[in-house]
Amino acid sequence: MGYPSTSAENHAALVQTVRDRFRCPEEFLDFRLAGELSPAPAYFRFGANTTCYGRSWEEDGRPQPAPPLRDLLSCVSVDGTQLVLPFDPNEIIDNLRLERYPGCQLNERERTLKNAYYWLRPVTNRWIRSRVQRFRVAGWQKRAFPRWPVDSTVDNLCENLLLLALRASGVSSLPFIWFWPNGARCCVSMTHDVETAAGRDFCGRLLDIDDSFGFKSSFQVVPEGPYSVPPAYLSEIRDRGFELCVQDLNHDGRLFDERESFLRRAARINHYAEEYGATGFRAAVLYRKPEWFSDLEFSFDMSIPNVGHLDPQRGGCCTVTPYFVGDRLELPLTTIQDYTLFHMLGERSTALWKLQLELILARNGLATFLVHPDYITGPKEQAVYMDLLAVLAALRERENIWAALPREIDVWWRARNSMSIVREDNSWRIVGAGAERAVLAFAKNVDGQLVYELANPQRGELLDFRTHRRQRPQDGCTTIV
Ligand SMILES: [Zn+2]
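All figures in this text were calculated on a predicted structure; none of them were measured in a lab.

Note on metal sites: the ideal angle is 109.5 degrees for four tetrahedral donors, and 90 or 180 degrees for six octahedral donors. For the zinc ion, the protein coordination sphere consists of Glu195 (OE), Glu195 (OE), Gln247 (OE1) and His251 (NE2), at 2.0 to 2.5 Å. For the zinc ion, the four donor atoms in the first shell make angles of 55 to 139° at the metal, a pattern classed as irregular. Each donor residue of the zinc ion lies on one chain, and together they are spaced E-x51-Q-x3-H. The pair Gln247 / His251 is uniform in exposure class, with both members buried.

As structure tokens, then:
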């Protein structure tokens, strides 16, 4: 993996990831590199709960994420109103979101195991398979990084930098475009990957279940997989207002094994995307190679987990916020899959999902769920799934939560990404297509803490802040909503 050389003059480029995340006016962000970066990437910290990986000022950084890691937060200095940083935030954030840190790729032993697993899969039952999978992830609880059960390193890093920028520029608050439309506190999305004929045949019932809780969801269908895909099946999903996405090509777990065969498969996948009218994609078993995403003609991808300790391909993108990989939008999977919960952890309750949801809510993030129709045909599992929907429905009742289809999130995030904030008389205004759904927010430095405030959703009236302040459960930022 090669890193672009970052020259000290490259000020504007340095702020890019932080600016894109907040969509704030560029005048508030002014970063400069402290000096030459060490040639070897390594782990370091940047404040509490923020383990970073990449090149930095630190000459002997650690090759492992184990403590004690040097905290480079104290190495940031201010020159006039400019922040002088000991690393390039874009590089660090890319390393995390694109999983360019050690241990994310399959090693030789894991690759052999994976191939044997898929070869034997047709003749093994679920009990044997779950035993093999448990063996494969043995010792996962000991992994310090990414952080289980939700990792928000990228979100922490961006917030830390924004707070430092506020301090450096000497202003008490800066405007930005709120993350979700109409001031929603966070976004929730339900997705279903269909794995087998039994799963496909359960989809009619699943549509009814989701509808009964007032949720629409997306179905990821395998076009050349172990089950046939009749047109009537696809149109039922579409006609009832649910979303159809493409899942892999044939679900053999080998999509990204080899470049030539990937390109042949990608052409088939792109053909099905057009046939299904699908704008979203998810690879089988969350296998992934973001460098190849551009060959898949989708608007968004959903194949990268937030933390992949229990997935066959480890790693994790360390964020609960959508992000662009080239011009593909990534909607990370931020909660545990049903299969993993039921068959690898042996859990039949929503406790872990609720904990993850709470952590994601605290970051105003995106909570995405993956529940397979195949694994909730049994009464116990179905009851747990319905409990989860009840939790989400109650949350939606109580708070301003945006429950959205993946394609709606894609459309919103793209629109937000091309909006900007302009100064108008003595206030700020969001401009750009779709700005009527956007809400102006302010990031403030309150006693050294980053606090978000939302302006009155009616544009132009910026004085009427809602003032119910809620303290986050963890360190980090407080949101006033
Ligand atoms: Zn699948």
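Across all of its chains, the model carries 27 aromatic pairs by this definition. Judged by centre distance (5.2 Å) and plane angle (65°), the rings of Tyr101 and Phe145 are edge-to-face. On the criterion of sequence distance, the pair formed by Tyr101 in the loop between helix 3 (89-97) and helix 4 (108-120) and Phe145 in the loop between helix 5 (126-136) and helix 6 (153-169) is long-range, its members being 44 residues apart. Each member of the pair Tyr101 and Phe145 is classed as buried. On the numbers, 4.9 Å between centres and 70° between planes, the contact of Trp140 with Trp148 is edge-to-face.

It is worth spelling out the sheet that holds strand 1 (residues 31-33) at this point. Taken in spatial order, the three strands make up an open sheet running 1-5-4, and their pairing is mixed. Unpaired on one side and paired on the other, strand 1 and strand 4 (77-79) mark the two borders of the sheet. Geometrically, the sheet is characterised by an average inter-axis angle of 35° between neighbouring strands, direction not taken into account. Each of strand 1, strand 4 and strand 5 (82-85) touches helix 6; the most contacted strand, strand 5, lies at about 135° to it.

Counting 74 residues, the largest nonpolar core has Phe22, Phe31, Phe46, Phe176, Trp178 and Trp180 as the members making the most contacts within it. Looking at this core element by element, the count peaks at ten residues for helix 6. Taken domain by domain, this core gets at least three of its residues from each of domain 1 (186-411) and domain 2 (419-480). Ignoring sequence-local partners within four residues, the contact set of Phe46 consists of Cys52, Asp71, Leu72, Leu73, Val76, Phe87, Leu157, Asn160, Leu161 and Leu164. Cys186, Phe298, Ile376 and Leu392 belong to the second-largest nonpolar core, a separate cluster that totals 67 residues.

Contact geometry of helix 3 with helix 6 gives a least axis separation of 10 Å together with a crossing angle of 165°. Comparing the axis directions of helix 3 and helix 6 gives the class roughly antiparallel. Along this stretch, helix 3 crosses helix 6, giving a crossing that reads as left-handed. Between helix 3 and helix 6, the residues in contact are Pro89, Ile92, Ile93, Leu96 and Arg97 and Thr153, Val154, Leu157, Cys158 and Leu161, respectively.

Below, the discussion takes up the pairing of strand 2 (residues 42-45). Strand direction decides the pairing type here: strand 2 and strand 3 (residues 51-54), joined by four bridges, are antiparallel. Among the inter-strand pairings, Tyr43 is bridged to a residue of strand 3, identified as Tyr53. Between the antiparallel neighbours strand 2 and strand 3 lie five residues, among them Gly47 with a positive phi of about 90°.

Below, the discussion takes up the pattern of salt bridges. Overall, the coordinates contain 26 salt bridges when judged by the stated rule. In this structure, the salt-bridge partner of Arg32 is Asp79, at a minimum N-O distance of 2.6 Å. Residue Arg32 is found in strand 1, and its partner Asp79 is found in strand 4; the two are separated by 47 residues along the sequence. Residues Glu381 and Arg348 are paired through a salt bridge, measuring 2.9 Å at the closest nitrogen-oxygen approach.

Over its 17 residues, helix 6 runs 24 Å from end to end, which matches the ideal 24 Å to within 8%, given 1.5 Å per residue. The buried count for helix 6 comes to 14 of 17 residues, which makes it a mostly enclosed element. Of the residues trailing helix 6, Gly170 is marked for its positive phi of about 75°.

This part is about the environment of Phe135. Residue placement: Phe135 occurs in helix 5. Exposure remark for Phe135: the relative accessible area of 52% places this residue in the exposed category. Taking C-alpha positions, Phe135 is 9.9 Å from Met344, a pair spaced 209 residues apart along the chain. Those residues in contact with Phe135, other than ones at most four positions away along the chain, are Arg109 and Leu113.

Inspection of the secondary structure assignment puts Gln247 in strand 9 (residues 243-247). For Gln247, the side chain forms a polar contact with the main-chain oxygen of Gln220, separated by 3.1 Å. Within the local environment of Gln247, its side chain forms a polar contact with the side chain of His251, the two groups lying 3.0 Å apart. Sequence-distant contacts of Gln247, that is, excluding residues within four places in its chain, are made with Asp193, Val194, Glu195, Gln220, Val221, Val222, Pro223, Phe281, Arg282 and Ala284.

Cut-off values and rules
Residues numbered from 1 in each chain as written. Predicted model: local features only at pLDDT ≥ 70, side-chain atom pairs only at ≥ 80, totals over all residues. Heavy atoms only, no water. Donors = N, O, S within 2.8 Å, 3.2 Å for Na, K, Ca; no water. Tetrahedral: all angles 85-135°; square planar, octahedral: opposite > 155°, others 65-115°. Buried < 20%, exposed > 50% of the residue type's maximum accessible area, 1.4 Å probe, protein only. Phe/Tyr/Trp six-rings, centres within 6.5 Å; stacked < 30°, edge-to-face > 60°. Helix = DSSP H or I, 4+ residues; strand = E, 2+ residues; numbered from the N terminus. Pairing = 2+ DSSP bridges. Axes fitted to C-alpha atoms, helices over the stretch in contact; angles between N-to-C directions. Contact = heavy atoms within 4.5 Å. Core = buried A, V, L, I, M, F, W, Y, C linked by side-chain atoms within 4.5 Å. Domains from an automatic or database assignment. Parallel < 35°, antiparallel > 145°, perpendicular 65-115°, else oblique. Left-handed = near helix turned anticlockwise from the far one by under 90°. Salt bridge = Lys/Arg side-chain N within 4 Å of Asp/Glu carboxyl O. Expected span 1.5 Å × (residues − 1). Polar contact = N/O pair within 3.5 Å; in protein donor to acceptor, adjacent residues only side chain to side chain.

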